[in-house]
Amino acid sequence: MSGSATVTTRSAPRTERPAEAGGRRPRWTRGRIVLLVVALLLTAAWLLPLAWAVATSLKPEGDTTKTPLSWIGSRVTFDAYSKVWESGDLMIWLMNSAYISVMTTLLTVVTCAMAAYGFTRTDFRGRRLLYGLVLAGIMVPPQVLIAPLFREMVQLGLVDTYWGVILPQVAVPAMVFILVKFFEGVPRELEEAAFVDGAGRWRVFWTIVIPLSRPVLAAVAIFTFISTWNNFLWPFLVTTDPGGMTLPVGLVNVQSTFGVRYAQIMASLVIAGMPLLIVFAFFQRQIVRGIAHTGLAGQ
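So, here's what we can say about the structure.

Calculation criteria
Residues numbered from 1 in each chain as written. Predicted model: local features only at pLDDT ≥ 70, side-chain atom pairs only at ≥ 80, totals over all residues. Heavy atoms only, no water. Axes fitted to C-alpha atoms, helices over the stretch in contact; angles between N-to-C directions. Helix = DSSP H or I, 4+ residues; strand = E, 2+ residues; numbered from the N terminus. Parallel < 35°, antiparallel > 145°, perpendicular 65-115°, else oblique. Contact = heavy atoms within 4.5 Å. Core = buried A, V, L, I, M, F, W, Y, C linked by side-chain atoms within 4.5 Å. Buried < 20%, exposed > 50% of the residue type's maximum accessible area, 1.4 Å probe, protein only. Left-handed = near helix turned anticlockwise from the far one by under 90°. Nonpolar A, V, L, I, M, F, W, Y, C, P; charged D, E, K, R; others polar. Phe/Tyr/Trp six-rings, centres within 6.5 Å; stacked < 30°, edge-to-face > 60°. 1 Å grid on protein atoms, 1.4 Å probe; cavity = no way out; pocket = protein on both sides within 12 Å on 5 of 7 lines; lining within 4 Å. Points joined across faces, edges and corners; volume = space filled by probe spheres on them.

Regarding the packing of helix 7 (residues 173-183) against helix 10 (residues 214-230)
The interhelical angle for the contact between helix 7 and helix 10, taken along N-to-C directions, is 170 degrees, at an axis separation of 11 Å. In terms of orientation, helix 7 and helix 10 fall into the roughly antiparallel class. Every residue of helix 10 that contacts helix 7 at Met175, Ile178, Leu179 and Phe182 is listed here: Val216, Leu217, Val220, Phe223 and Thr224.

Here is the structure:
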């Protein structure tokens, strides 16, 4: 061959990365815009009542009943908060609510986790019947059980005590159901390997199953804490001493004493809801992860 052979190299086709992977902003498609509008509407629907409560609590009492209603009063004042603070043992009620909510949450997580693990990993006579009764408890309204529970607390001498408020709120069938569904997805091979190494059932539960269940346990704990903090009816019935009241019960007693004063009512609601907003702000990631792990997101 007289001429030198020319070698042509063909460059490999380049694969374009999606806009999200390349660091570019996603394109505003029609679907994204619709989802954004829906999210903004839902956010506004949730924030407007809260904003109205805060605005009303900062008005003078006389401006809360003026017509037409307005968002801003004649002046901004914190008189409603100071009157609520001075008219009741607010710090005692806050401490009572915090102690009862924390203890109820801890006991609920421990007892419901052990019950759910027993239903999923042990086989005993009557297991299906007992689990069916637990599921049936989800459909029973809590108000139906108030009378027998109150009678039981009276017989045990637990009226006007912390344990009289805490114990009836510990057994939550819905939380047992959530944990059962999660434990069914935990691989049994991990537990079998621990059994081969000589670990017992109790050690496997605390060293293997519980660490793997942190997301769902965090979600159960947060849901329990919120529901216990907001619970009004049972603490209202089982406590008569002002020193043992929870925050919702104490604030309602203050409102009934001084009549209907809308600025003070809204100030009480803001005070009672502020700890829950703080809890949600700090643990919102755990709430989302817990819902995703339990499979409740699509329900």
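Here's the deal with the nonpolar core
Val176, Leu179, Phe183, Val204, Val216, Leu217 and Val220 are the most contacted members of the largest nonpolar core, which totals 27 residues. Of all the secondary structure elements, the ones that give two or more residues to this core are helix 3 (90-121), helix 4 (127-138), helix 7, helix 9 (201-212) and helix 10. Of all the elements, helix 7 adds the most residues to this core, at seven residues. In contact with Val220, other than residues within four places in its own chain, are Val109, Met175, Ile178 and Leu179. Ala80, Val84, Ile271 and Ala272 belong to the second largest nonpolar core, which has 20 residues in total.

Brief notes about the packing of helix 3 against helix 10
In the contact formed by helix 3 and helix 10, the axes pass within 9 Å of each other and the chain directions differ by 140 degrees. Judged on the interaxial angle alone, helix 10 and helix 3 are oblique. Seen along the crossing, helix 3 lies across helix 10 with a hand that is right-handed. On helix 10, the residues that touch Leu94, Ser97, Ala98, Ile100, Ser101, Val102, Thr104, Thr105, Thr108, Val109 and Ala113 of helix 3 are Leu217, Val220, Ala221, Thr224, Phe225, Thr228 and Trp229. Within the contact of helix 3 with helix 10, the residues separate by chemical class into eleven nonpolar, seven polar and no charged.

Digging into unusual backbone geometry
The residue Asp160 is not glycine, and still its phi comes out positive at about 65 degrees. Along the chain, Asp160 turns up in the loop between helix 5 (146-156) and helix 6 (162-166).

Here's the deal with the environment of Val102
Checked against the element boundaries, Val102 lands in helix 3. Separated by 123 residues in sequence, Val102 and Phe225 place their C-alpha atoms 6.7 Å apart.

Comments concerning the packing of aromatic side chains
For the coordinates displayed, the defined rule picks out eleven aromatic pairs. Ring plane angle 50 degrees and centroid distance 6.2 Å describe the contact between Phe78 and Tyr81, whose orientation is recorded as tilted. When the centroid spacing of 6.2 Å and the interplanar angle of 85 degrees are considered together, the rings of Tyr117 and Phe183 count as edge-to-face. With Tyr117 in helix 3 and Phe183 in helix 7, the pair connects residues that are 66 residues apart, well separated along the chain.

So, the layout of surface pockets
Within this model, the largest pocket holds a volume of roughly 800 Å³. As for the largest pocket, its lining consists of 22 residues, and the residues nearest its centre are Pro142, Pro168, Gln169, Ala171 and Val172. Class assignment for the residues of the lining of the largest pocket results in 15 nonpolar, seven polar and no charged. For the second largest pocket, the calculated volume is near 430 Å³. The wall of the second largest pocket is formed by 15 residues, among which Leu50, Leu269, Gly273, Leu276 and Leu277 lie closest to the centre. For the lining of the second largest pocket, the secondary structure elements donating two or more residues are helix 1 (30-57), helix 10 and helix 13 (262-294). For the lining of the second largest pocket, the leading source of residues is helix 13, giving seven residues. When its residues are assigned to classes, the lining of the second largest pocket shows 13 nonpolar, two polar and no charged.

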